[in-house]
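Report on the structure
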Amino acid sequence: TISPGAVAEWCDALARSLRAGTTLRSALISIEPTDPVLADRFQDVRQALGRGATVSTAVIGLHPDATTRPRRQSPHLALAAAVLATSGSIGGPTAASLDRLAGALRLRVADGQERSAHSAQARLSAHVMTVVPLALLAMLAVTDSDVRAVLSQRTGVVVVSIGLALNLAGWWWMRCIVTVRT
């Protein structure tokens, strides 16, 4: 996937080039993104610009095409494509638009990091609540003959299986709750 930080870095490079006096078309042709996935997606745009397409037409290549192989669209790249297409067709202060876009993408990165930091305790709790019962069952099975006797019976296996299923369901649920989506 394409991270918002990679798109922000690319937008900064484009804005610097525009402030230095190059046109948006020249900046898009000359500045290659440093992120390899973004650079791969951007190759079609550079080729279209090289063949004489307008900027607004060329950046359509950043959107997935239904007729070719399916690509998962990055919302960050879609936002950059919209800004570039608008700037290419309408004009105006493109460097300022790219700077604002880069700032918004950096805020997305910071928000994701903050959510990750705030959910660290919940992730640790989920790991502890998942591992401790399994470790305790293993320890008791090794050290206590009564536990081994119960585990050798059908009802004991059923009870342990239900417990393992509930433990797995709890782990999955906690994972869904604390997973950071960017």
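Parameters and conventions
- Residues numbered from 1 in each chain as written.
- Predicted model: local features only at pLDDT ≥ 70, side-chain atom pairs only at ≥ 80, totals over all residues.
- Heavy atoms only, no water.
- Helix = DSSP H or I, 4+ residues; strand = E, 2+ residues; numbered from the N terminus.
- Rg over C-alpha atoms; globule rule 2.2 N^0.38 Å.
- Buried < 20%, exposed > 50% of the residue type's maximum accessible area, 1.4 Å probe, protein only.
- Contact = heavy atoms within 4.5 Å.
- Areas by Shrake-Rupley, 256 points an atom, 1.4 Å probe, with all protein chains shown as cover.
- Lys, Arg positive; Asp, Glu negative; His and termini not counted.
- Charge placed at Lys NZ, Arg CZ, Asp CG, Glu CD.
- Expected span 1.5 Å × (residues − 1).
- Phe/Tyr/Trp six-rings, centres within 6.5 Å; stacked < 30°, edge-to-face > 60°.
- Axes fitted to C-alpha atoms, helices over the stretch in contact; angles between N-to-C directions.
- Parallel < 35°, antiparallel > 145°, perpendicular 65-115°, else oblique.
- Nonpolar A, V, L, I, M, F, W, Y, C, P; charged D, E, K, R; others polar.
- pLDDT = per-residue confidence, 0-100.
- Salt bridge = Lys/Arg side-chain N within 4 Å of Asp/Glu carboxyl O.

For the protein, the helix and strand inventory stands at nine helices and zero strands. The order of α-helices and β-strands along the protein, N terminus first, is α-α-α-α-α-α-α-α-α. Scaling as 2.2 N^0.38, a compact globule of 182 residues should have a C-alpha radius of gyration of about 16 Å, whereas the protein reaches 26 Å, well beyond that. Taken over the C-alpha atoms alone, the protein extends approximately 80 × 35 × 20 Å along its principal axes. Relative to its full complement of 182 residues, the protein shows a buried share of 30%. Here the analysis covers contacts within the protein between residues at least 6 apart in sequence; of these, 59% occur between residues at least 24 apart. For the protein, the computed accessible surface area is about 11,100 Å², with 63% contributed by carbon and sulfur atoms. Where the 18 positive side-chain charges of the protein centre and where its 12 negative ones centre are 4 Å apart.

Now for helix α9 (residues 154–178). If you check α9, its first and last C-alpha atoms are 36 Å apart, about what 25 residues at 1.5 Å a residue would give, namely 36 Å. Along α9, the residues classified as buried are Gly156, Asn167, Met174 and Val178. Close packing links the buried residues of α9 with α7 (120–143) and α8 (145–152).

Attention now moves to the packing of aromatic side chains. Taken as a whole and judged by the stated rule, the model has two aromatic pairs. For the ring pair tryptophan 172 and tryptophan 173, a centre distance of 6.2 Å and an interplane angle of 50° mean the geometry is tilted. For tryptophan 173, a relative accessible area of 52% puts it in the exposed group.

Bringing the packing of α8 against α9 into the picture now. Across the interface, α8 lies against α9 with an axial gap of 4 Å and an inter-helix angle of 95°. In terms of axis orientation, α8 runs roughly perpendicular to α9. Touching Val150, Leu151 and Ser152 of α8 are Arg154, Gly156, Val157 and Val160, all from α9. Residues belonging to the contact of α8 with α9 are distributed by class as follows: four nonpolar, two polar and one charged.

For the protein, per-residue confidence averages 85 on the pLDDT scale, and residues scoring 70 or more make up 92% of the total. Model confidence for the protein, summarised as mean pLDDT per element, is weakest for helix α4 (residues 55–58) at 86 and strongest for helix α1 (residues 4–19) at 92.

Taken as a whole, this structure holds three salt bridges when the rule is applied. For arginine 19, the salt bridge identified is with aspartate 99, shortest N-O distance 1.7 Å. In this pair, arginine 19 sits in helix α1 while aspartate 99 sits in helix α6 (residues 94–118), placing the two residues 80 residues apart along the sequence. On the basis of relative accessibility, which here comes to 29%, the residue aspartate 99 falls in the partly exposed class.

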